[in-house]
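Structural overview
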Amino acid sequence: MLRSSIQKLAAQRHAILSISNKPITTTSKRFFTNTLKNSKRTNYQQFGKGTNKQFSTFNKTNRVTTFSSKQNNSSSATIFTICLTSCAGFASVLHAKANNNNAEDTVEQNEDDDEDDDDEPVDKSGLEDAGQEKGFNPMRRAKVFCGGSNHKLAEEITEHLGMKLGDITVGRFADGEVNVMVNENVRGQDVYLIQPTCPPNVNESLVELLLIVSTMRRASARRITAVIPYYGYARQDRKMTSRVPISAADVARLLESMGVDRVIAVDLHCGQIQGFFGPRVPVDNLEAAQVGVEYFGNLDPPLQNPVVVSPDAGGVYRAKKFGEALHKRIGTEPGVAMIIKQRQKAGEIARMDLVGSVEGCDAIIVDDMIDSAGTLCKAAENIKKYGARKVYAFASHGLFSGPADKRIRNSCMEKVLVVNTVPLPKHMESNEKLVQLSVGELLANAILRVHARKSVSELFDTKK
């Protein structure tokens, strides 16, 4: 009787496993053997030999099958019933597990596809090649937003990326407080926030940026990258006298505490600002020099005996890098000179001395920003006095506060070049000596490389 029951159980087991559309494996055979042993032990311990009980189970057509055990065959009936029930349950477990595994495999495959898409950017004209493969869009899991500081630049960046700006409301309450509302889902997305903390409302721009970062973090964005073309408070990077703040470091701590994961900036006032952020917040300091180099490389007539001049000792490295890029562009190695200035107070220069030769040369003054243009115009006069043929100026950030417009108009400089990290004030738009270049493509390339986990430094490799 026991042998016939086991044979029936085996046939029933094959029928149950066939429902789940899964082949019989070594694991299922091992389970069947262990179940048989355990059920026999359970029969004698729990049910007792010689008892009269009825056991019911569902077969594969969901009809109830009843087994009546007697003294002579109670062991076989109990074993048969328990094993049949266990196998039916085991088949259900196998079927559910198979469905879960298929679902998990599908999710993992989709995630792998997303990661592959991130690693293989789309091949778009106008963007720097970052190992793109045609047909893939690395920015599909990313969204770009901007505050109210420089909407025009943000539109240029998204145009180069082939995207649209995210839907966000940045307004003011009746009492002047900043009101931020994100109008679309950002959960699990890589978010890029374009917001220079620049004039005319430096403090409001900074508060907008902090609140937008906080909003994105609370909305469960996966990564938040703050794209800050102009980093406000950057000039307060050290204590020059007692009882003054190091504001550049304080702004960095504010951004970090709000939850920024990465910062992309353009020509920070000094490189040490990158160290004000912790090691968990990397900073990419982009160089706008390549935009200016392209302009000077296309001048007609071309530059004659070019010399790159730094307006102070702290900008010598910047002038040297500009000279290397210009050498690569025009094929002529420019000289490097430096102006040593002694300030009477902030914004006023008492004396200037030139280190280097500019006689008979076309001089290019390279600086990170132009504020009131007093230092720049006085430096141009001194360079001209030392025998320079023409004087040009290039700066990354044009703030143009106070009498900057009048000073530049009346200066001896041929052209003054700035980039659009800061919106051009309306009163400067009619200045014929002023030329504004765009860094929209540069920032788009940087965002593309950061998102695709490519090297950003290759954008500025002058050794290639």
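Above this text is the structure in question.
Bear in mind the structure is a predicted one, so any value in this text is a computation, not a measurement.

Remarks on the overall build of the protein
Counting its regular elements, the protein contains eleven helices and 16 strands. Relative to its 464 residues, the protein shows a buried fraction of 46%. Counting contacts in the protein only where the partners sit at least 6 residues apart, residues at least 24 apart contribute 64% of the total. If you sum the accessible surface of the protein, you get close to 24100 Å²; carbon and sulfur atoms cover 48% of it.

Topic: the packing of helix α4 (residues 151–161) against helix α11 (residues 440–451)
Look at α4 against α11: their axes get within 8 Å of each other, and the N-to-C directions meet at 55°. Relative to α11, α4 is oriented oblique. Seen along the crossing, α4 lies across α11 with a hand that is right-handed. Contacts from Leu153, Glu156, Ile157, His160 and Leu161 of α4 reach α11 at Gly440, Glu441, Leu443, Ala444, Ile447 and Leu448.

Thoughts on the side chain of aspartate 368
For aspartate 368, the position within the fold is in strand β13 (residues 362–370). For the buried residue aspartate 368, which engages in no salt bridge, the nearest side chain bearing the opposite charge is arginine 318, 4.3 Å off. For aspartate 368, the residues in contact, after removing those within four places along its chain, are Asp267, His269, Arg318, Ala395, Ser396 and His397.

Quick word on unusual backbone geometry
Cis rather than trans, the peptide bond between proline 199 and proline 200 has omega equal to 10°. Proline 301 follows aspartate 300 through a cis peptide bond whose omega is 0°. Residue serine 220 is not a glycine yet carries a positive backbone phi of 70°. The class of serine 220 is partly exposed, set by a relative accessible area of 30%. Even without being glycine, aspartate 267 reaches a positive phi, approximately 45°. With relative accessibility at 11%, the residue aspartate 267 sits in the buried group.

Re the nonpolar core
Core analysis: the largest hydrophobic core is formed by 46 residues, its most contacted members being Leu161, Leu286, Phe296, Phe322 and Leu443. When residues of this core are assigned to their parent elements, the largest contribution, seven residues, is made by α11. One finds Leu210, Val251, Leu268 and Ile273 within the second-largest nonpolar core, a separate group that totals 33 residues.

Some details on the packing of aromatic side chains
Tallied over the entire structure, the rule returns five aromatic pairs. Where tyrosine 231 meets phenylalanine 277, the ring centres are 6.4 Å apart and the plane angle is 75°; that geometry is what we call edge-to-face. Within this pair, whereas tyrosine 231 is found in the loop between β7 (223–228) and α6 (247–258), its partner phenylalanine 277 is found in the loop between β8 (262–266) and β9 (283–286), the two being separated by 46 residues in sequence. Residue tyrosine 231 is classed as buried on the basis of its relative accessible area of 4%. Ring plane angle 80° and centroid distance 5.7 Å describe the contact between phenylalanine 296 and tyrosine 392, whose orientation is recorded as edge-to-face. Here phenylalanine 296 is found in helix α7 (residues 289–297), whereas its partner tyrosine 392 is found in strand β14 (residues 390–398), with 96 residues between them in sequence.

Quick look at the pattern of salt bridges
Two side chains bearing opposite charge may form a pair once their charged atoms approach each other closely. Evaluated as defined, the whole model comprises 13 salt bridges. Notably, a salt bridge pairs glutamate 208 with arginine 172, separated by 2.7 Å at the nearest N-O pair. With glutamate 208 in helix α5 (residues 202–218) and arginine 172 in strand β4 (residues 168–172), the pair connects residues that are 36 residues apart, well separated along the chain. Overall, arginine 172 belongs to the partly exposed group, its relative accessible area being 34%. When salt bridges that share partners are traced, they join Arg172, Glu204 and Glu208 into one network.

Quick word on the sheet that holds β7
Ordered by their spatial adjacency, five strands build an open sheet running β3-β6-β7-β8-β9, and the pairing between neighbours is parallel. Of all the strands in the sheet, the pair left with one neighbour each is β3 (142–146) and β9. Ignoring strand direction, the axes of neighbouring strands in this sheet form an average angle of 15°. Of the strand pairs in this sheet, β8 and β9 are connected by four bridges, and their pairing is parallel. By the bridge assignment for β9, valine 263 is matched with valine 283. Along the sheet, α4 contacts β3 and β6 (190–194); its crossing angle with β3, the most-contacted strand, is approximately 160°. Against the sheet, α11 contacts β3, β6, β7, β8 and β9, and its axis sits at roughly 155° relative to β8.

Brief notes about the packing of α5 against α6
Here α5 crosses α6 at 20°, and the two axes come no closer than 9 Å. The orientation of α5 relative to α6 falls into the category roughly parallel. As for the relative orientation of α5 and α6, their crossing is right-handed in sense. For the pair α5 and α6, contact is made by Leu206, Leu209, Leu210, Val213, Ser214 and Arg217 and by Val251, Leu254, Leu255 and Met258, respectively. The class makeup of the residues in the contact of α5 with α6 is eight nonpolar, one polar and one charged.

Calculation rules
Residues numbered from 1 in each chain as written. Predicted model: local features only at pLDDT ≥ 70, side-chain atom pairs only at ≥ 80, totals over all residues. Heavy atoms only, no water. Helix = DSSP H or I, 4+ residues; strand = E, 2+ residues; numbered from the N terminus. Buried < 20%, exposed > 50% of the residue type's maximum accessible area, 1.4 Å probe, protein only. Contact = heavy atoms within 4.5 Å. Areas by Shrake-Rupley, 256 points an atom, 1.4 Å probe, with all protein chains shown as cover. Axes fitted to C-alpha atoms, helices over the stretch in contact; angles between N-to-C directions. Parallel < 35°, antiparallel > 145°, perpendicular 65-115°, else oblique. Left-handed = near helix turned anticlockwise from the far one by under 90°. Lys, Arg positive; Asp, Glu negative; His and termini not counted. Salt bridge = Lys/Arg side-chain N within 4 Å of Asp/Glu carboxyl O. Core = buried A, V, L, I, M, F, W, Y, C linked by side-chain atoms within 4.5 Å. Phe/Tyr/Trp six-rings, centres within 6.5 Å; stacked < 30°, edge-to-face > 60°. Pairing = 2+ DSSP bridges. Nonpolar A, V, L, I, M, F, W, Y, C, P; charged D, E, K, R; others polar.

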